[in-house]
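What the coordinates show
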Amino acid sequence: MLEPLRQGLPPLDPAAVSSAASCALPARYEAVREARQFTRRTLDQWDMGERFDDVCLVVSELVTNALRHALPAGHARVPEQTPPVRLHLMRWTERLVCAVRDPSHDSPVAQDSDDFSAESGRGLFLVDSFADSWGWHPLAGTLHGKVVWALFRLPHPTQSDPVE
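Residues numbered from 1 in each chain as written. Predicted model: local features only at pLDDT ≥ 70, side-chain atom pairs only at ≥ 80, totals over all residues. Heavy atoms only, no water.

**Overview of the pairing of strand S6 (residues 146-153)**
The two faces of a sheet get side chains in turn, since along a regular strand they alternate between them. Of all the eight residues making up S6, seven are buried; the element is thus mostly covered by neighbouring parts of the structure. Pairing analysis gives eight bridges linking strand S4 (residues 95-102) to S6, with the strands arranged antiparallel. Bridge pairing links Val 100 to Val 148 in S6. Sheet topology note: the strand S5 (residues 133-138)/S6 ladder contains six bridges and is antiparallel. Note that in S6 the partner of His 137 across the bridge is Val 147. (Buried < 20%, exposed > 50% of the residue type's maximum accessible area, 1.4 Å probe, protein only. Helix = DSSP H or I, 4+ residues; strand = E, 2+ residues; numbered from the N terminus. Pairing = 2+ DSSP bridges.)

**What to know about the nonpolar core**
Among the nonpolar cores identified, the biggest contains 35 residues, and Leu 25, Val 59, Val 63, Leu 87, Leu 96, Ala 150 and Phe 152 are the most heavily contacted of them. Mapped onto this core, the elements with two or more residues apiece are strand S2 (17-25), helix H1 (30-45), helix H2 (52-69), strand S3 (85-92), S4, helix H3 (123-130), S5 and S6. Broken down by element, the residue count for this core peaks at nine residues, all from H2. The residues contacting Val 63, other than those within four sequence positions of it, are Leu 25, Ala 31, Val 32, Ala 35 and Val 100. (Core = buried A, V, L, I, M, F, W, Y, C linked by side-chain atoms within 4.5 Å. Contact = heavy atoms within 4.5 Å.)

**As for the confidence of the model for the protein chain**
Scored by pLDDT, the protein chain comes out at a mean of 80, with 70% of its residues at no less than 70. Ranking the helices and strands of the protein chain by mean pLDDT puts H1 first, with 96, and strand S1 (residues 5-6) last, with 48. Predicted confidence is poor over residues 1-6, with pLDDT under 50, and the contacts of this stretch with residues over four places away or in other chains come to 18 contacts. (pLDDT = per-residue confidence, 0-100.)

**Focus on the pattern of salt bridges**
Taken as a whole and assessed by the stated rule, the structure comprises four salt bridges. Between Lys 146 and Asp 102 there is a salt bridge whose closest N-O contact spans 3.0 Å. Placement of the pair is Lys 146 in strand S6 and Asp 102 in strand S4, with a sequence separation of 44 residues. You'll find Lys 146 and Asp 102 in the same group, each marked buried. Shared partners join several salt bridges into a network, and the residues in it are Arg 28, Glu 30 and Glu 34. (Salt bridge = Lys/Arg side-chain N within 4 Å of Asp/Glu carboxyl O.)

Following this line, the structure appears as structure tokens:
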């Protein structure tokens, strides 16, 4: 059920891309709060504030997983020129994608747990529950690591909506 898709995003029409934003996140847990604040500002700018709760939960889980599982031991104590984690938000006409890039090549793994009172280990279960689809793919070329993404379908604009 929670097997991540080791593939790129589903086909998206490049002509329908309307907005994109990204931010670099430092290797510290406060970055999760920074990611939520960035997501809030971005969705407000895109007039999508009503989607904030679901999107923010998924962003928090993806960033937390990147910080917890994708950084080498001791990485947070070593200052670097390039922050190791990056959050990307991309909006198409009918889809919103949240993608988190990290330096690990390891596949994200959903933990099997029947303990619903546990305080950790359910992040990918939440991503699977709140997003319409999710997956990951390794980076290519000179980039190292992977991208874990979650896709949200957006309401189809009706023809009765005013054209801006």
